[in-house]
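Each chain is listed here by its residues.
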Amino acid sequence: MMKLTVAILALTLCNATAKASQKKKIGITLNAGGNTAGNAMAGFMRGFQQQTVKINGEDRPALEAADYIAGSSGGSIVATIYHYQHSTTNDELLDAAGPNDPSQITNEVLDTVPENSIFLAFGAPISLSIQSAIPVALATGKPFWPILVQNLFLQRFGIEAGKPLSSAKIRDDVKTTPILLTSLVGPVEVFPFHLDSVINRDIYTEYNENVPMLEMVGEEDTEFHDIIDEINEVTGGGVTDVRLTDLNILRSLAEDNGFQLNLPAFGTATEFTIPLSGSVATLEYEGVENQIDAAEPFDIEGPLVVAYEELSSEGNPFTLETLLGMSTDILSLIPPLRTLVDSFSPVPLASRPISASIPTTDGELREVAFTDGGINDLSGLPALIKMKPDRVITCFVAGPVDAGLSDGPEVASSISYQVFNIFGYNFGLVDVANPASIVSGRVLSHLFDLYSNGENQLVKLVDTFESLRDAGEPLVTTLEGLDVVDNEFWGIEGGWTVDVTFVLMVGVPQKFVDELPEDIAPPPAGRNKTELGFFTNEEFASVPNVIPLGRDEFIEIDGTFIPAFGFELPERPARMTQILTSWVVKRAWNGLVGIDGEVKFGGFRELFEEEEIEEPPTSGSRILNGTWITYFMALAATLLFFNA
């Protein structure tokens, strides 16, 4: 009996020690959309901070299990503050002790934004920051927008202005690498005229002429055509120009037109990258008649990776506010907004480019301008995919316009301009008469094969989201084993797979509404608390796609009415959104079931927790390690038993 016990014990020990934890590389993306997106993205971060997983045998916030956080535009604000603030703890910054249960919401909760939390930044009046930024810009001659974002977002969290980014320290309790997206838009000497009138126009006009609509989808793929029809129904028939993204044609057209498009770029904690790969790219920039001469062409060979020290010069360091300014610079994209800012200043400030000197192939430096990363990609996904993670959680909140407030949260229309492009589809690339068409640069963000695993992934995503919506659940699901494609514009080499978890916030899940106290967001007489997926209470009608204050107002300047371009969010709807988005993480932590009773999402927990894998013995240097010794013990014990 003793021998049998020894044998069983040895075999058990063998099995236990033959297991090991495997750490998957995890990335989180925070999408673009100004303060509307920033507030919601911080709410998701709050949710991940509130939940715990085992890390090295200890219960730790789930955020600490992630490896990367990539932000685009509004999402970059959240990523920057989270990584670089030194004024408080992660728990205080993200209000981890606050409620994430709708039944706990009171009017007092909605009226209270914790003093040290990141959420204060999204309700701060921008007018005060503009007024304080103008004297600094006038005195220093520096670009206005980085000074503004420093005053509005960074200063309150103890992030020092003017400090070289190469010496900026990420706090010890932050385990992730930040990735902030931006866009290269040409030499400083043609800025902003080239941006307003030239960039993208010729390339995408020719592309429209070369690539027919719906080229990739066969008639047999009726489900996909049904999705396009659904989008048209919601948008009033606006989506008629659906085209395949052909990156080879785009590369050829870019070469023929001197790369006069907004090129992707991004910064991490240590270096700045222009990921364009392939052959040497010659960048040529036309002049604008009666405005500015053409710029001298120059060549770059990418991917171009530059340490921040190389982007700095004596008395002019490359700073954190410079990078965040590059990532969020909506000012340079909208001429009326530039007019509005300049109305506060005795001299024009808004047209000063945010720039950096990049090395060219001839060994020289060229001063080039950068602007908002959202014009190339709204998600942060492409820069993150370049890092080759195993798992990605990508969070989307539809902007106030995209939310379809009058039609309800239709899934297909809500993701059409934010998700379809990563699977190789785009909608109406460019309207050459509309300066805002520069946002069509996100067509460069084709990342995944639409038919990964032999199934149309967009159809699968829409069907899954609609099932969860009909069940009253949040919209969270994972598309596993997506095939990554080659993309020279982002320097991505395909041929591998990644699991991507999509989180979409548009409207309010019914199960959140069902738990709210009656006195919170009360409906008008004779109406339900929500209709078409949104609160009927006027104050909360845009939750979670919160409309900034003053967004619909106009200011008269020299007889011209200019949009007010509100940025700050109303406190109570913003607070409701913060609780809602963190509730989404809590609700989906262990999985979600759709209206058909089937599991649609396995849960955030399984994404963050380390996998326990069998580790078989190997030869060579491991012959004497614990695993092999245990195998020999098991073998000896077994022989002893059977030979007794």
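Calculation notes
Residues numbered from 1 in each chain as written. Predicted model: local features only at pLDDT ≥ 70, side-chain atom pairs only at ≥ 80, totals over all residues. Heavy atoms only, no water. Helix = DSSP H or I, 4+ residues; strand = E, 2+ residues; numbered from the N terminus. Buried < 20%, exposed > 50% of the residue type's maximum accessible area, 1.4 Å probe, protein only. Contact = heavy atoms within 4.5 Å. Areas by Shrake-Rupley, 256 points an atom, 1.4 Å probe, with all protein chains shown as cover. Phe/Tyr/Trp six-rings, centres within 6.5 Å; stacked < 30°, edge-to-face > 60°. Polar contact = N/O pair within 3.5 Å; in protein donor to acceptor, adjacent residues only side chain to side chain. Axes fitted to C-alpha atoms, helices over the stretch in contact; angles between N-to-C directions. Parallel < 35°, antiparallel > 145°, perpendicular 65-115°, else oblique. Left-handed = near helix turned anticlockwise from the far one by under 90°. Nonpolar A, V, L, I, M, F, W, Y, C, P; charged D, E, K, R; others polar. Arc of directions from axis to C-beta.

## A word on the overall build of the chain
Across its full length, the chain carries 21 helices and 25 strands. Across the 644 residues in the chain, those meeting the buried criterion constitute 57%. Put simply, of all contacts in the chain between residues at least 6 apart along the chain, 77% involve residues at least 24 apart. Taken as a whole, the chain presents about 25,600 Å² of accessible surface, with 51% of it coming from carbon and sulfur.

## Looking at the packing of aromatic side chains
With the rule as written, the count across this model stands at 14 aromatic pairs. Arranged with centres 5.3 Å apart and planes meeting at 15 degrees, the rings of tyrosine 308 and phenylalanine 318 form a pair that is stacked. One end of the pair, tyrosine 308, is in helix H12 (residues 308–311); the other, phenylalanine 318, is in the loop between H12 and helix H13 (320–328), with 10 residues separating them in the sequence. Side by side, tyrosine 308 and phenylalanine 318 carry an identical accessibility label, which is buried. Between the aromatic rings of phenylalanine 423 and phenylalanine 448, the centroid separation amounts to 5.8 Å while the plane-to-plane angle is 50 degrees, which identifies the pairing as tilted. Highlighted residues: phenylalanine 423 in the loop between helix H16 (411–416) and strand E16 (425–427) and phenylalanine 448 in the loop between E16 and helix H17 (457–470), separated in sequence by 25 residues. Look at phenylalanine 448 and you get buried, because its relative accessible area is 0%. An aromatic cluster is present here, built from Phe48, Trp589, Phe601, Phe604 and Phe608 joined pairwise through their rings.

## Focus on the environment of serine 252
In this fold, serine 252 is placed in helix H11 (residues 247–256). Put simply, serine 252 and isoleucine 203 are 49 residues apart on the chain and 9.6 Å apart in space, counted from C-alpha to C-alpha.

## Examining the environment of threonine 106
Topologically, threonine 106 is positioned in the loop between helix H4 (90–93) and helix H5 (107–110). For the pair formed by threonine 106 and leucine 516, sequence separation is 410 residues and the distance between their alpha carbons is 9.1 Å. Within the local environment of threonine 106, its side chain forms a polar contact with the backbone nitrogen of valine 109, the two atoms lying 3.1 Å apart.

## Thoughts on unusual backbone geometry
Comment: phi is negative for the bulk of residues other than glycine, and the bulk of peptide bonds are trans. Cis geometry is adopted by the peptide bond preceding proline 192, which originates at phenylalanine 191 and carries an omega value of 0 degrees. The linkage connecting glycine 302 with the following residue, proline 303, adopts the cis geometry, with an omega of -5 degrees. Phi is positive for asparagine 56, which is not a glycine, with a value near 55 degrees. We classify asparagine 56 as exposed; its relative accessible area is 72%. For asparagine 200, which is not glycine, the phi torsion reads 80 degrees and is therefore positive. Locating asparagine 200 in the fold gives a position in the loop between helix H8 (193–197) and helix H9 (201–210).

## Brief notes about the packing of helix H2 (residues 34–50) against helix H3 (residues 74–84)
One can describe the packing of H2 onto H3 by two numbers: an axis separation of 7 Å at closest approach and a directional angle of 45 degrees. When the interaxial angle is binned, H2 and H3 end up oblique. Considering the relative orientation of H2 and H3, their crossing is right-handed. Taken together, the residues of H3 that come into contact with H2 (itself represented by Gly34, Asn35, Gly38, Met41, Ala42 and Met45) are Gly74, Ile77, Val78 and Tyr82.

## A short note on the packing of H9 against H11
Running from N to C, H9 and H11 cross one another at 135 degrees; their axes reach a closest spacing of 10 Å. By the angle between their axes, H9 is oblique relative to H11. Seen along the crossing, H9 lies across H11 with a hand that is right-handed. On H11, the residues that touch Ile203, Tyr204, Glu206 and Tyr207 of H9 are Ile249, Leu250, Leu253 and Ala254. In terms of residue class, the contact of H9 with H11 is built from 7 nonpolar, no polar and 1 charged.

## What to know about the side chain of threonine 477
Within the secondary structure layout, threonine 477 lies in strand E17 (residues 475–483). Owing to a relative accessible area of 3%, threonine 477 belongs among the buried residues under this scheme. Among the polar contacts listed, one links the side chain of threonine 477 to the backbone oxygen of lysine 600, at a separation of 2.7 Å. Those residues in contact with threonine 477, other than ones at most four positions away along the chain, are Leu461, Thr464, Phe465, Val500, Thr501, Phe502, Lys600 and Phe601.

## Concerning H11
Three or more residues of H11 are buried, namely Leu247, Leu250, Arg251, Leu253 and Ala254. An end-on view of H11 places all buried positions within 165 degrees of arc, on one side of the element. Looking at H11, the residues exposed on the side facing more than 90 degrees away from the buried face are Asn248 and Asp256. Looking at the buried residues of H11, the elements they touch are H9.

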